[in-house]
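Spelled out from the first residue to the last, the chains are:
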Amino acid sequence: MNLYISGSNRKHNSYNFLKRIKENEDVLISLDDLNIKWCLGCNACQQNESNACIVNDDMQKIYNLIEKSDNIIIMSPIYMNFITGILKNVIDRFNPYCASEKLKGKKIMLITVGQMEEEDQQEVVDKINDYFKSLTEFMYFDFEYLYNFTSGDIIDVDDINKTYSDEQLQKIINNIKNKINM
Ligand SMILES: Cc1cc2nc3c(=O)[nH]c(=O)nc-3n(C[C@H](O)[C@H](O)[C@H](O)COP(=O)(O)O)c2cc1C
C-alpha cells in the first residue's frame, strides 16, 4: 500500500493530480482535512520507549498510515519558494523518526507544482531536493524527486488540457507511475 499526501491548503492541483495517479488500494489524504499541531519540541518522542509522539491530534493518523505504507508520495505546491507551511509542519512532526529507524526501507517521493516558468523554478527545485536529501541522513528513508510541474493552476481535472495536451500529460503520468511502482 502506498500513502499519498496532498500538501496543499486546498483540494485543487495537488489533490486532483494525486487522485489521478493513485491505485485503488492506496490511501490519499489531504492535509487541509487534518488538524495538525506544531511540534512542541518536548522531545518526549526521543525519550519514551516506543519513540512515539505524545501530541494527540491528526498526526497520529499519519504516523499509523506511514507505518503501514511501502512508499509515501507527497505532492506540494511551491509556496514562497519552498514547500507549503502545512507540509513543513508535518515534516517537523517527523521528529520521532529521528530517534527510531521506523522509516528505514521506505521511500518518500515528491512531486511539486508552482506557477512560475520552468527556467525560474530550477533554483527552488534544487533547494527542496537538497532539503529532503539532507533529512535522509538521519531519518533513514530513501528520497526521490519525481516531478515538478511548472504551470500553476492546470492540473485540476477540468483544466488539465490548458497547458498539457492529453498525450503529453499521459506520458508524464506514465513516467511518474513507473517510478512509483519500480
Ligand atoms: C501563498 C502562496 C505562495 C506561492 N508561492 C509560489 C512560489 O513561490 N512559486 C511558484 O511558482 N508558485 C507559487 N504559488 C503558486 C502555487 O504554487 C500554485 O498555484 C500551485 O499550483 C497551487 O497548488 P494547489 O492547487 O495544489 O494548491 C504560491 C501560491 C500561494 C497561495
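About the cut-offs
Residues numbered from 1 in each chain as written. Predicted model: local features only at pLDDT ≥ 70, side-chain atom pairs only at ≥ 80, totals over all residues. Heavy atoms only, no water. Core = buried A, V, L, I, M, F, W, Y, C linked by side-chain atoms within 4.5 Å. Buried < 20%, exposed > 50% of the residue type's maximum accessible area, 1.4 Å probe, protein only. Helix = DSSP H or I, 4+ residues; strand = E, 2+ residues; numbered from the N terminus. Contact = heavy atoms within 4.5 Å. Patch = residues over 30% accessible without salt bridge, like charges linked within 9 Å, V, L, I, M, F, W, Y side chains within 5 Å. Areas by Shrake-Rupley, 256 points an atom, 1.4 Å probe, with all protein chains shown as cover. Salt bridge = Lys/Arg side-chain N within 4 Å of Asp/Glu carboxyl O. Lys, Arg positive; Asp, Glu negative; His and termini not counted. Charge placed at Lys NZ, Arg CZ, Asp CG, Glu CD. Axes fitted to C-alpha atoms, helices over the stretch in contact; angles between N-to-C directions. Parallel < 35°, antiparallel > 145°, perpendicular 65-115°, else oblique. Left-handed = near helix turned anticlockwise from the far one by under 90°. Nonpolar A, V, L, I, M, F, W, Y, C, P; charged D, E, K, R; others polar. Pairing = 2+ DSSP bridges.

J.: Explain the nonpolar core here, please?
T.: Looking at soluble globular proteins, one finds that nonpolar side chains tend to be buried together. Counting residues in each nonpolar core, the largest one holds 35 residues, and the members touching the most others are Leu31, Ile62, Ile66, Phe94, Ile128 and Phe132. Counting only elements with at least two residues in this core, the list comes to β1 (3-6), α3 (59-68), β3 (71-77), α4 (85-92), β4 (107-113), α6 (118-139) and β5 (142-149). The dominant element in this core, judged by the number of residues it contributes, is α6, at 7 residues. Sequence-distant contacts of Leu31, defined by excluding residues within four places in its chain, comprise Ile5, Ser6, Gly7, Ile36, Ile62, Ile86, Leu87 and Val90.

J.: Would you explain a negative patch on the surface in this entry?
T.: Together, Glu117, Glu118, Glu119 and Asp120 line one region of the surface with negative charge. You can see Glu119 is positioned in helix α6. With relative accessibility at 63%, the residue Glu119 sits in the exposed group.

J.: For this particular structure, what's the right way to read the packing of helix α1 (residues 13-21) against helix α7 (residues 166-181)?
T.: The description of two helices packed together rests on the angle between their axes and the distance between the axes. With their axes 10 Å apart at the nearest point, α1 and α7 run at an angle of 70° to one another. Viewed along their axes, α1 and α7 adopt a mutual orientation that is roughly perpendicular. Between α1 and α7 lies a crossing of right-handed hand. Of α7, the residues touching α1 (which contributes Phe17, Arg20 and Ile21) are Leu169, Gln170, Ile173, Ile176, Lys177 and Ile180. Split by residue class, the contact of α1 with α7 holds 6 nonpolar, 1 polar and 2 charged.

J.: In this structure, what is going on with the sheet that holds β4? I would like to understand it.
T.: Note on sheets: strands pair through backbone hydrogen bonds, and any given pair is parallel or antiparallel. Within the open sheet, the 5 strands sit side by side as β2-β1-β3-β4-β5. Their pairing is parallel. Every interior strand has two partners, whereas the edge strands, β2 (27-30) and β5, have only one. Pairwise comparison of adjacent strand axes, ignoring direction, gives a mean angle of 15° for this sheet. Sheet topology places β1 next to β2; 4 bridges connect them, and they run parallel. Looking at the pairing, Leu3 lines up with Val27 of β2. In the packing of α6 onto the sheet, contacts are made with β4 and β5, and the angle to β5 comes to roughly 160°.

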